[in-house]
Amino acid sequence: MKKNSFLLLLLSLLMLVSCNSKKIKHDEQYGVRYTIEETHNTSAITINLDTDNTKYVTAIHGYIYYTEGKNIELNKPEQNTYEKLMSDLDEKYYYISKTADNVELEYFNIEFHDPDFSKKDYQSLLEYLGLWDALSDDRLTYQTELKDNPNFRYNYLITEGDYLNNISYTGASTYDVK
C-alpha cells in the first residue's frame, strides 16, 4: 500500500510540474494587430499569442510613426529616452529613425517565447513600455497585463486602433484569434 501511495504522490507531483510549465507555443502568423493610419504611415502593434492558450503573449512588435504636428496621442518619447534605449538594446529590439521630412518611426520587438528571453535584459524597454511590473511572473497576459493595462505606453493604439484578429500571411481562417 505504501508503494502505491508513494507512486501516486510522485505521479501527482509530476503532473503538477508539467501543468505549471512556462513554455509557450509561438507561431509568427498567429496573433492580433492594432493599427492607426496617419496619411501613408500606419502605426501598428502586433501581438503574437500562444497557439494553445491565447491568454499569453509570445511576442510584441511595434511600428509607431510620429508625424510632426499630428498624432500627438501616440506621445513621441523624449530624445534622451530613445537615445538610452538605442544604446541599451540592439537594433533588432529597438530603434527610432527619421523616415521622411517631419516623420519618424519608432520600432520595438520583444520575443517572450525565445528560450533565452530574460526580462532583465529588456528592463529599460519594458519600463519604457509600462510592462515591467506586469512581467513579475515572467509571462505577459494579453487581456489584463497588456490590453487592459493603463500603464502600457501604447494603450491609445490598442483602445482606438483598428483591430485585426488574423495576422497570417494568407489570411487562412485557422489563424483567426477567437
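Relevant structure appears above.
In short, a report on the structure. Counting restarts for each chain, with residues numbered from 1 along the sequence as it is written. Totals for whole chains, interfaces and linings use all residues, but because this is a predicted model, local features are given only for residues with pLDDT of at least 70 and pairs of side-chain atoms are given and counted only at 80 or more. Side-chain numbers here rest on the full set of heavy atoms in the structure, without hydrogens or water.

Here we come to the environment of P115. Numbering of helices and strands runs from the N terminus, with a helix taken as a DSSP run of H or I at least four residues long and a strand as a DSSP run of E at least two residues long. Residue position: P115 is located in the loop between strand 5 (103-111) and helix 3 (123-129). Considered as a pair, P115 and I24 are 91 residues apart in the sequence and their alpha carbons are 9.8 Å apart.

This next bit is on the pattern of salt bridges. Just to be clear on terms, a salt bridge is a Lys or Arg side-chain nitrogen sitting within 4 Å of an Asp or Glu carboxyl oxygen. Evaluated as defined, the whole model comprises 3 salt bridges. For the salt bridge of D52 with K25, the shortest nitrogen-to-oxygen distance reads 2.9 Å. You can see D52 sitting in the loop between strand 2 (41-49) and strand 3 (57-67) and its partner K25 sitting in the loop between helix 1 (2-19) and strand 1 (31-38), a full 27 residues away along the chain. Summary of the burial criterion: residues with accessible area below 20% of their type's maximum are buried, those above 50% are exposed, and those between are partly exposed, where the area comes from a 1.4 Å probe applied to protein chains only. When its relative accessible area of 57% is taken as the criterion, D52 is described as exposed. With a relative accessible area of 47%, K25 lands in the partly exposed category.

Once that is clear, we can look at the sheet that holds strand 4 (residues 94-100). For two strands to be treated as a pair, DSSP must find no fewer than two bridges joining them. The antiparallel open sheet is built from 6 strands, whose spatial order is 4-5-3-2-1-6. At either end of the open sheet lies a strand with only one pairing partner, and these are strand 4 and strand 6 (162-164). The average angle at which neighbouring strand axes cross in this sheet is 15°, direction not considered. Judged from the 9 bridges that link them, strand 3 and strand 5 form a sheet pairing that is antiparallel. Within strand 5, the position partnered with Y63 by the bridge is Y107. Sitting on the sheet, helix 2 (residues 79-88) is in contact with strand 4 and strand 5, with an inclination near 120° to strand 4. Structural elements are reduced to axes, namely lines fitted to C-alpha atoms, with helices fitted over the stretch in contact, and the angle between N-to-C directions of any two is expressed from 0 to 180 degrees. Whether two residues are in contact is decided by their heavy atoms, any of which lying within 4.5 Å being enough.

Our focus in this paragraph is the packing of aromatic side chains. Both the distance between ring centres and the angle between the ring planes are used here to describe each pair of aromatic rings. A pair of aromatic rings is counted whenever rings of Phe, Tyr or Trp (Trp by its six-membered ring) have centres within 6.5 Å, and the orientation is called stacked for planes under 30 degrees apart, edge-to-face for over 60 and tilted otherwise. Tallied over the entire structure, the rule returns 9 aromatic pairs. Judged by centre distance (5.0 Å) and plane angle (50°), the ring pair of Y63 and Y107 falls under tilted. On the criterion of sequence distance, the pair formed by Y63 in strand 3 and Y107 in strand 5 is long-range, its members being 44 residues apart. One aromatic cluster is present, built from ring pairs that chain together Y93, F112, F117 and Y122. We note K119 situated over the ring of W132; from NZ or CZ to the ring centre the distance is 4.4 Å. It is R139 that lies over the ring of Y56; its NZ or CZ is 3.9 Å from the centre. Each ring is checked for a lysine NZ or an arginine CZ that lies within 6 Å of its centre and within 35 degrees of its normal; such an atom marks a charge sitting over the ring.

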